[in-house]
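Structural overview
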Amino acid sequence: MGTNAAPNKTESGAEERPKREIPEGLMNRCSKCGNIQFTKELEKNLKVCSTCGHHFRLNAWERIAMTVDEGSFAEIDANLVSEDPLEFPGYKKKLAQQTENSGLKDGIVTGTGEIGGFPVAIGVMSFDFFSGSMGSVIGEKIARVIELAGEKDLPLILFSTSGGARMQESILSLMQMAKTSAALAKFQDHGGLFISVFTDPTMGGVSASFASLGDYNLAEPGALVGFAGRIVIEQTIRQKLPDNFQTAEFNLKNGQLDKVVHRKDMKSFLTKLLDMHAVKGVRTDVR
Amino acid sequence: MSVELPFEKPLEDLRKKIDHLKKVGQDQQIDFTEELARLEERYKELEDEIYSNLSAANIMHLARLHQRPTTLDYIPLVFTDFIELHGDRLFADDLAIVGGLAKLNGVPVTVVGHQRGKDTKDNIQRFFGSPHPEGFRKALRFMQQANKFGRPIITFIDTKGAYPGDTAEARGQSEAIARNLREMALFGVPVICVVIGEGGSGGALALGVGNRVLMLENSIYSVISPNGAASILWKDASKADQAAEAMKITAKDLKEFGVIEEIIPEPKGGAHRDPAVQAESIRDALWRHLQELSALEPEQLIEDRYRKFRAIGKFAELAPAMSETP
């Protein structure tokens, strides 16, 4: 498990409350309701606030530990790293910082494993690396894990979290949307199963490409999911948007999701869904 | 010629000088033939100097010029027999997207593109060329129809991006764009895309998954508008010019990155100076690429498109590399 469990800022304003002394590492404050809880308790509770049910953000390895059967995960493409093709001011330095902060080489971990005993290909994005922004590395790793799922006839599960495209790679980052979607097109066209799980937040170029293309689109409660950011929209329509705008629940209501799944139920729900696909075609000879 | 583009100011000044001298010559019956010829010569030099050295920021301004020809300006010049179609059959007819059937050198094609407005009223109707989900779904419907009937697909890209609105989000802006990206990958007909003005973000790419992607010389294509990038990176939208340089958004840059196949030259000063000539070079380029692609079977066209986009991206693979580079 990683150590970067710091609750991230939300727009709820909870951060503005007067700070009580919190012993470093021992306790955690919920960014939504302000409740302070023992880190150990929080972790036992899968990083869901015991008071308000707020789902804290997870990094890729925490998510994998919670989702994939113990000992079954095998990482692929662990050595892909970003370059600086545009020689964008400050990009290289920022990449180094992100690796230092998160312990990751880029914003996604991909591989194979088992969920509830069902073999899967899986990719898990991590917001703590460059806000999960998609550049060439994420695009390539996703395309490869999709192709692997196709070759090995495995169901594909992608957990998304991203601020959007990685501006520092400009057009190359935009094209990762087309690349990942094209890879999915091939995979799904050949009958491949893709379960997409939106986690907080999934915005912009990730939301508007592979993440929205699941045969089943799921989300964690309260996850922010959308294309354009709230501020940009408020400036455009000159109106204040409601608090629940672009939440998983908002998207469920608007027909964009199949189901909002609580973190404690995620693994069992995925298992159930995988079980539904374990038998292909019309068959009555299996039980 | 009013100067909307500051870099054209020296040209305008010189033109005024020439006009003035002409007038003086006429009024006072003085022969300035030699001086005028010299000044015209200087004007041509200055033009070459300015237009052959446009900065990314100046190209961005040119790409956004409101006199720049739009999709509906080009369609009657590039094609014949245009039949405009409407609606996504689900919700509405988004006027930020236009399209229909037309003939390219006698061959039936489907053409679809973003449509900016010509004036304020038109712009409001067309959401400044920024589609809602129904716009992307309208485009998809046209393209699926083309695929069904074996017609090549030509798209014109010209948008600041998908419309950032609350209703757009509620109706699935992300899903609409994503679906286009996926479905365009599977069309068994030639798809040729031309960026004619501004190619802004996912809203542009949603019409951009082509076997060939071409750009007009003074068009731009980027992941986020330079204004947006500036406000995110430097908390200052007015640094858009700076961001334009950093983000490598010009046709030349994209050709180097292997994202586009061809740059279509523009008349001196930009496409708006001579839309008819511009349309002709667009038609020639489309025809050339269409002839090449027509030799491919549907499966080959799909594979060709897949390979193109699959190869885009720049990364390093550190040792020990367990898997092979594509």
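Here the structure is a predicted model, which means the values were calculated and not measured.

Basis of the calculations
Residues numbered from 1 in each chain as written. Chains lettered and ligands numbered in written order. Predicted model: local features only at pLDDT ≥ 70, side-chain atom pairs only at ≥ 80, totals over all residues. Heavy atoms only, no water. Helix = DSSP H or I, 4+ residues; strand = E, 2+ residues; numbered from the N terminus. Rg over C-alpha atoms; globule rule 2.2 N^0.38 Å. Buried < 20%, exposed > 50% of the residue type's maximum accessible area, 1.4 Å probe, protein only. Contact = heavy atoms within 4.5 Å. Lys, Arg positive; Asp, Glu negative; His and termini not counted. Charge placed at Lys NZ, Arg CZ, Asp CG, Glu CD. Buried area = accessible area lost by both parts, 1.4 Å probe. Salt bridge = Lys/Arg side-chain N within 4 Å of Asp/Glu carboxyl O. Polar contact = N/O pair within 3.5 Å; in protein donor to acceptor, adjacent residues only side chain to side chain. Nonpolar A, V, L, I, M, F, W, Y, C, P; charged D, E, K, R; others polar. Pairing = 2+ DSSP bridges. Core = buried A, V, L, I, M, F, W, Y, C linked by side-chain atoms within 4.5 Å.

Section: the overall build of chain B
A count of helical and extended segments in chain B gives 14 helices and nine strands. Computed over C-alpha atoms, the radius of gyration of chain B comes to 22 Å, within 12% of the 20 Å expected from 2.2 N^0.38 for 326 residues, which places it in the range of a compact globule. Taken along its principal axes, the extent of the C-alpha atoms in chain B is 75 × 55 × 45 Å. Of all 326 residues assigned to chain B, the portion counted as buried reaches 56%. The contacts in chain B between residues at least 6 apart in sequence include a share of 71% that link residues at least 24 apart. Averaged over its 41 positive side-chain charges, chain B has a centre that lies 3 Å from the centre of its 49 negative ones.

Remarks on the interface of chain A and chain B
It is common to give the size of an interface as the accessible area lost on bringing the parts into contact. Contact residues are listed per partner, giving 55 residues for chain A and 52 residues for chain B. When chain A packs against chain B, the two sides together hide about 4700 Å² of surface, and 67% of this comes from carbon and sulfur. Our count for the chain A to chain B interface comes out at five salt bridges. A salt bridge links Lys314(B) to Glu83(A), with the shortest nitrogen-to-oxygen separation between them at 3.0 Å. Linking chain A with chain B are 21 residue pairs in polar contact (both at pLDDT 80 or more). Those elements that place two or more of their residues in the side of chain A that touches chain B are strand 4 (80-82), helix 4 (136-152), helix 5 (170-189) and helix 7 (230-237) of chain A. In terms of residues, the side of chain A that touches chain B owes the most to one element, helix 5 of chain A, which gives 17 residues. Per-class residue counts for the side of chain A that touches chain B are 29 nonpolar, 16 polar and 10 charged. In this sheet, strand 9 (residues 315-317) of chain B lies alongside strand 4 of chain A in antiparallel orientation, the contact comprising three bridges. Within strand 9 of chain B, the residue paired with Val81(A) across the bridge is Ala316(B).

Points about the nonpolar core
Of all hydrophobic cores here, the largest spans 141 residues; its most connected members are Leu156(A), Ile157(A) and Tyr221(B). In terms of residue count, helix 5 of chain A provides more of this core than any other element does, 11 residues in total. In contact with Ile157(A), not counting residues within four places along its chain, are Ile115(A), Val120(A), Ala121(A), Ile122(A), Gly123(A), Ile195(A), Val197(A), Leu270(A) and Leu274(A).

Examining the side chain of Asn217(A)
Relative to the assigned elements, Asn217(A) resides in strand 9 (residues 216-219). In terms of polar contacts, Asn217(A) uses its side chain to reach the backbone carbonyl oxygen of Ser212(A), at 3.3 Å.

A few points about the environment of Gly100(B)
Residues and elements named next belong to chain B. Here Gly-100 shows up in strand 2 (residues 97-104). What makes Gly-100 buried here is its relative accessible area of 1%. Spatially, the C-alpha atoms of Gly-100 and Arg-68 are 22 Å apart, while their sequence positions differ by 32 residues. The residues touching Gly-100, leaving out its near neighbours within four places in the chain, are Phe-82, Ile-83, Glu-84, Leu-85, Val-109, Thr-110, Val-111 and Phe-142.

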